[in-house]
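Residue-level listing of the chains:
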Amino acid sequence: MAQLWGGRFTKETDKLVYNFNASISFDQKFFHEDIEGSRAHVEMLARQGILTAEEKRQITDGLDSILRDVETGALEITDEYEDIHSFVEANLIERIGDAGKKLHTGRSRNDQVALDMKLYTRNEVVEINNLLKRLLETILAIMEENIETYMPGFTHLQKAQPITLAHHMGAYFEMFKRDRQRLDDIYNRMNYCPLGSGALAGTTYPLDREYTAQLLEFKGATLNSMDSVADRDYVIELLSALSTIMMHLSRFSEEIIIWNSNEYRFVEIDDAYSTGSSIMPQKKNPDIAELVRGKTGRVYGALVSILTTMKGIPLAYNKDMQEDKELTFDAIDTVKGCVALFTGMLQTMKFNKEIMRTSAMKGFTNATDAADYLVNHGVTFRDAHGIIGRLVLYCIEKDKAIDELSLEELKAISPVFEEDVYDAVSLETCVNKRTTIGAPGPEAMREVIHINKEYLS
Ligand code: ARG
């Protein structure tokens, strides 16, 4: 049991208490960030004349050797230390003696852990952003290839109007683009350095907090030392953004599961991204999509958990806040895994264009356009709506599509119909005439693809 305190205690900590309190099993995840923060702190202390150049050299070399030895496996991070901060400091003192005891000058574990968590989170925000970029590139490639791949668009999971695969994919492009913008916002808002805030009230040493912030590539130093050690807003914001990413991935997964079903067969998930059944030999299951959908719950759980933890905490630091780590790490790892796997699944998925097209032709997805045809020939929209309603009923009875009826049959329902109706309600016309920006028409789609290509470049 190696801990950084004990002077005022007369008894050993109970072993159960020690274990309950310890965080090394999970905060070793930011070992690198802890070293990085200490290096910057020492650099600043020396510049301010609080440490000598020689002490700075000894400490920096010592930290480097600890980093090296952990990386090569020569030094193991074990649970004999309370947390990663104690591990580093204890090993430093063991290696360099008295100079090591000066590392913590003008610092508390409260601002240290606030810094480590921020550094770790900041890196992960960038990584997740990059993973999302690759997902967007994959979606955009599918869009470019499928400007004329017709499929039904749905509302209420009922066929509504024809669209294209490019258009459907484009909806997800916008969602993940917003997700990236949210991450950028979080990065910018969180990018202030808490180090130098001490336990809660700053320190009496002449620290140069701006310099430390600069060394660690922050935009500046935080402006209130109590807030600095008690702020976990950025964790909450990140978990909220991650929850939204998972919500998007989950919706997309749900659609792929439906599209991959025996009834739809719009897509075929690649063998490499499917799994079999131990009993039913014919099965090929969309497990990856299902797991992504399922894992959404645990990321939401992390968000609710940290919100609940933070709601009752008086200023400034309280140990409750140690609970931010495991769930944040888990949510980050979950999202990274899901985005990467989902991208791979999309890249290898086959789209059955013929089946999509046939499906779009059935189900009266051109009914609105048939009504618009009548409107263009002088019928009021409300009357046209009624006429086409009757027409659909007739088609259902005859088991035919609108454009499969003869002109006589059409005229029997409304004499306004002429030969040109077939062209007006064809799948191509229905889509191609929708040319306003954001609509599925090929011109509009090309424009959107162009804009989004610029965005990704
Ligand atoms: N492991 C602690 C945490 O994650 C480090 C800070 C400890 N500070 C303290 N005053 N006990 O929050």
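Being a predicted model, the structure only gives us computed values, none of them experimental.

Peer 1: Please give an account of the overall build of the protein that cites residues and values.
Peer 2: What the protein contains, in helices and strands, is 19 helices and six strands. Scored against the burial criterion, the 457 residues of the protein give a buried share of 50%. For the protein, the accessible area works out to roughly 22000 Å², and carbon and sulfur atoms hold 51% of it. In the protein, which carries 51 positive and 72 negative side-chain charges, the distance between the mean positions of the two groups comes to 1 Å.

Peer 1: Describe in detail the environment of glutamate 71, supporting the description with residues and values.
Peer 2: Note that glutamate 71 resides in helix α4 (residues 53–72). Sequence separation between glutamate 71 and histidine 32 is 39 residues; the distance between their C-alpha atoms is 9.9 Å. A polar atom in the side chain of glutamate 71 sits 2.7 Å from the side chain of histidine 32.

Peer 1: I'd like to hear about the side chain of threonine 296, residue by residue, with values.
Peer 2: Mapped onto the elements, threonine 296 comes out in helix α11 (residues 287–310). Aside from chain neighbours lying at most four places away, what touches threonine 296 is Met246, Met247 and Ser250.

Peer 1: So what about the nonpolar core? Which residues, and what values?
Peer 2: Ranked by internal contacts, the top residues of the largest apolar core, which has 98 residues, are Phe87, Ile139, Leu242 and Leu249. With 15 residues, helix α10 (residues 233–259) is the largest single contributor of residues to this core. In this structure phenylalanine 87 touches Ile24, Phe31, Ile66, Val70, Leu75, Glu76, Ile77 and Tyr81, once residues within four positions along its chain are discounted. Counting residues in hydrophobic clusters, the runner-up holds 20 residues, among them Ala370, Tyr373, Leu405 and Ala424.

Peer 1: Quick rundown of the site of the ligand? Include the residues and the values.
Peer 2: Near the ligand the following residues occur: Ser23, Arg109, Asn110, Val113, Tyr317, Gln322 and Lys325. Between a nitrogen atom of the ligand and a side-chain N or O atom of glutamine 322, the distance comes to 2.7 Å. At 2.6 Å from an oxygen atom of the ligand is found a side-chain nitrogen or oxygen belonging to lysine 325. Contact with the protein chains removes 85% of the 340 Å² of surface that the ligand exposes when unbound. The biggest single contributor to the shell around the ligand is helix α6 (residues 109–145), with three residues. In terms of residue class, the shell around the ligand is made up of two nonpolar, three polar and two charged.

Peer 1: Kindly report on empty space enclosed by the protein, identifying the contributing residues and their values.
Peer 2: Counted according to the given criterion, the structure contains two cavities of 30 Å³ or more. In terms of lining residues, the largest cavity is bounded by Ala360, Met361, Thr365, Asn366, Asp403, Val425, Ser426 and Leu427. Approximately 30 Å³ is the volume found for the second largest cavity. Contributing to the lining of the second largest cavity are Phe154, Leu157, Glu255, Ile258, Trp259 and Tyr264. Sort the elements by how many residues they give to the lining of the second largest cavity and α10 lands first, with three residues. Partitioned by chemical class, the residues of the lining of the second largest cavity number five nonpolar, no polar and one charged.

Peer 1: Residue-level account of the environment of serine 305, with values.
Peer 2: Within the fold, serine 305 resides in helix α11. For serine 305, a relative accessible area of 30% puts it in the partly exposed group. With 135 residues separating them along the chain, serine 305 and proline 440 place their C-alpha atoms 41 Å apart.

Peer 1: If you had to explain the environment of isoleucine 84 to someone new, which residues and values would you point to?
Peer 2: Here isoleucine 84 shows up in helix α5 (residues 84–96). Since its relative accessible area comes to 0%, isoleucine 84 is described here as buried. Residues isoleucine 84 and serine 25, 59 residues apart in the sequence, show an inter-C-alpha distance of 8.7 Å. With near-sequence residues (within four places) excluded, isoleucine 84 lies in contact with Ile24, Asp27, Gln28, Phe30, Phe31, Asp34 and Ile77.

Peer 1: Give a detailed account of the packing of aromatic side chains, specifying residues and quantitative values.
Peer 2: Under the defined criterion, the tally for this structure stands at 11 aromatic pairs. When the ring of phenylalanine 30 is compared with that of phenylalanine 329, the centres are 6.1 Å apart and the planes differ by 80°; the resulting orientation is edge-to-face. Of this pair, phenylalanine 30 sits in the loop between α2 (24–27) and α3 (31–47) while phenylalanine 329 sits in helix α12 (residues 324–348); the two residues are 299 residues apart in sequence, bridging distant segments of the chain. Of the two residues, phenylalanine 30 and phenylalanine 329, neither departs from the other in class, the shared state being buried. Judged by centre distance (5.0 Å) and plane angle (65°), the rings of tyrosine 120 and phenylalanine 329 are edge-to-face. Placement of tyrosine 120 in helix α6 and of phenylalanine 329 in helix α12 is noted, with a sequence separation of 209 residues between them. Both residues of the pair, tyrosine 120 and phenylalanine 329, belong to the buried class. Members of the aromatic cluster, each reached through a chain of ring pairs, are Phe154, Trp259, Tyr264 and Phe266. Across from the ring centre of tyrosine 234, 5.6 Å away, lies the NZ or CZ of lysine 118, which sits over that ring.

Peer 1: Can you break down the pairing of strand β2 (residues 158–164) residue by residue, with the values?
Peer 2: Where strand β1 (residues 150–155) meets β2, six bridges bridge the pair, whose relative direction is antiparallel. Considered in β2, the bridge of methionine 151 is made with isoleucine 163. In this structure, the hairpin formed by β1 and β2 is closed by a connection of two residues, where histidine 156 is found at a positive phi of approximately 60°.

Peer 1: Which residues make up the side chain of serine 359, and what are the values?
Peer 2: Positionally, serine 359 belongs in helix α13 (residues 353–361). Note on serine 359: relative accessible area 11%, which makes it buried. What serine 359 contacts, discounting residues up to four positions off in sequence, is Pro152, Lys159 and Phe266.

Peer 1: I'd like to hear about a nonpolar patch on the surface, residue by residue, with values.
Peer 2: A cluster of nonpolar residues, Leu4, Trp5 and Phe9, forms a patch on the protein surface that exposes about 270 Å² of accessible area. By the secondary structure assignment, leucine 4 is in the segment before α1 (15–21). Assessed through its relative accessible area of 33%, leucine 4 is described here as partly exposed.

Cut-offs and rules
- Residues numbered from 1 in each chain as written.
- Predicted model: local features only at pLDDT ≥ 70, side-chain atom pairs only at ≥ 80, totals over all residues.
- Heavy atoms only, no water.
- Helix = DSSP H or I, 4+ residues; strand = E, 2+ residues; numbered from the N terminus.
- Buried < 20%, exposed > 50% of the residue type's maximum accessible area, 1.4 Å probe, protein only.
- Areas by Shrake-Rupley, 256 points an atom, 1.4 Å probe, with all protein chains shown as cover.
- Lys, Arg positive; Asp, Glu negative; His and termini not counted.
- Charge placed at Lys NZ, Arg CZ, Asp CG, Glu CD.
- Polar contact = N/O pair within 3.5 Å; in protein donor to acceptor, adjacent residues only side chain to side chain.
- Contact = heavy atoms within 4.5 Å.
- Core = buried A, V, L, I, M, F, W, Y, C linked by side-chain atoms within 4.5 Å.
- Near = heavy atom within 4 Å.
- Nonpolar A, V, L, I, M, F, W, Y, C, P; charged D, E, K, R; others polar.
- 1 Å grid on protein atoms, 1.4 Å probe; cavity = no way out; pocket = protein on both sides within 12 Å on 5 of 7 lines; lining within 4 Å.
- Points joined across faces, edges and corners; volume = space filled by probe spheres on them.
- Phe/Tyr/Trp six-rings, centres within 6.5 Å; stacked < 30°, edge-to-face > 60°.
- Lys NZ or Arg CZ within 6 Å of the ring centre and 35° of its normal.
- Pairing = 2+ DSSP bridges.
- Patch = residues over 30% accessible without salt bridge, like charges linked within 9 Å, V, L, I, M, F, W, Y side chains within 5 Å.
- Salt bridge = Lys/Arg side-chain N within 4 Å of Asp/Glu carboxyl O.

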